[in-house]
Amino acid sequence: MDGTTLAARVEEVRERIERARERAGRTEAVTLVAVTKTHPAQAVRDAIAAGLADVGENRPQELEEKVGEVGRDAVRWHLIGHLQRNKAARALPCFDLLHSLDSLRLAETLSKAAVDQGRTVRVLVQVNTSGEETKGGWGADEAMDAVGRVVALPGLSVEGMMTMAPFTADEAAVRGTFRRARALWERAAAEVQGFRALHLSMGMSNDFEAAVEEGSTLVRVGSVLFGERGR
Ligand SMILES: *Cc1c(COP(=O)(O)O)cnc(C)c1O
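Just so we're clear, the structure is a prediction, and the values are computed from it rather than from any experiment. (Residues numbered from 1 in each chain as written. Predicted model: local features only at pLDDT ≥ 70, side-chain atom pairs only at ≥ 80, totals over all residues. Heavy atoms only, no water.)

Some remarks on the nonpolar core
If you look at the biggest cluster of nonpolar residues, it comprises 50 residues, and the most contacted ones within it are Leu101, Leu110, Met161 and Phe195. Setting aside its immediate chain neighbours within four residues, Phe195 contacts Val147, Val151, Val158, Gly160, Met161, Trp185, Ala188 and Ala189. Of all hydrophobic cores here, the second largest spans 18 residues; its members include Ala43, Ala50, Val219 and Val221. (Core = buried A, V, L, I, M, F, W, Y, C linked by side-chain atoms within 4.5 Å. Buried < 20%, exposed > 50% of the residue type's maximum accessible area, 1.4 Å probe, protein only. Contact = heavy atoms within 4.5 Å.)

Now the structure itself:
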């Protein structure tokens, strides 16, 4: 992208996260997930060399290819995009955390595959708190019921929530989306036994500072680190 090195960009993003955390008076750690989608496996190796330990991919096939090239244990792999049910069993061994559990049928398929494979699948429940119909996940009014059903399934460890803000310069709309997700996350922690409020995944290149101020514990950052993706 520009003349700076990846290591320098990582450092800058980490500093921006730190400052946002300080502004909000937050003490919990915020994990930077480097989103390498559309970039070659070398981007993952570069991320590791730059000190990153968490990598995100949004397509199961691309994830599987990169895991094959770079190694399953080289880094923590996050699947952050929609997972089709017919790809669930195959994708399962390739990731450490699925951010995008977005339907009960997918939860049931993953649960069965996890039991069959003798694994526990770590998942985040994707909530749609932006009100945009194009985005996946459960709406605020259905999320508690969904979390209750998902935690009851064997083989799943339900460790938090994920949301995506609208793509807009309207800061109030972005923050509102994050706040509503945070409120749902806290409510699930208080009300749903078996829900582990370990992670709140929100914030991308455009909005990760606002997300951190609103309580994010996992930011998913791609283009600020690796450059704009081809369209
Ligand atoms: C691509 C993607 C990101 C990263 O987007 P950038 O704007 O490049 O930081 C984050 N989350 C999800 C779910 C994505 O698909």
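Okay, back to it.
Notes on the environment of Val75
Tracing the backbone shows Val75 in the loop between helix 3 (60-70) and strand 3 (76-79). Residue Val75 is classed as buried on the basis of its relative accessible area, which comes to 7%. Separated by 21 residues in the primary sequence, Val75 and Asp96 have C-alpha atoms spaced 9.4 Å apart. (Helix = DSSP H or I, 4+ residues; strand = E, 2+ residues; numbered from the N terminus.)

Observations concerning the site of the ligand
Around the ligand, the neighbouring residues are Val35, Lys37, Asn58, Ile80, Met164, Met204, Ser205, Arg220, Val221, Gly222, Ser223 and Arg229. Between the ligand and the protein, one listed contact pairs an oxygen atom with a backbone N or O atom of Gly222 at 2.8 Å. Here an oxygen atom of the ligand and a side-chain polar atom of Arg229 are 2.7 Å apart. For the ligand, whose unbound accessible area comes to 390 Å², protein coverage reaches 92%. The pocket occupied by the ligand, as judged from atoms lying within 2 Å of grid points, is the largest pocket. (Near = heavy atom within 4 Å. Polar contact = N/O pair within 3.5 Å; in protein donor to acceptor, adjacent residues only side chain to side chain. Areas by Shrake-Rupley, 256 points an atom, 1.4 Å probe, with all protein chains shown as cover. 1 Å grid on protein atoms, 1.4 Å probe; cavity = no way out; pocket = protein on both sides within 12 Å on 5 of 7 lines; lining within 4 Å. Sits in = over half its atoms within 2 Å of the grid points.)

Re the environment of Gly139
Here Gly139 is to be found in strand 6 (residues 138-139). Linking Gly139 and Gln126, residues 13 residues apart in sequence, is a C-alpha distance of 9.2 Å.

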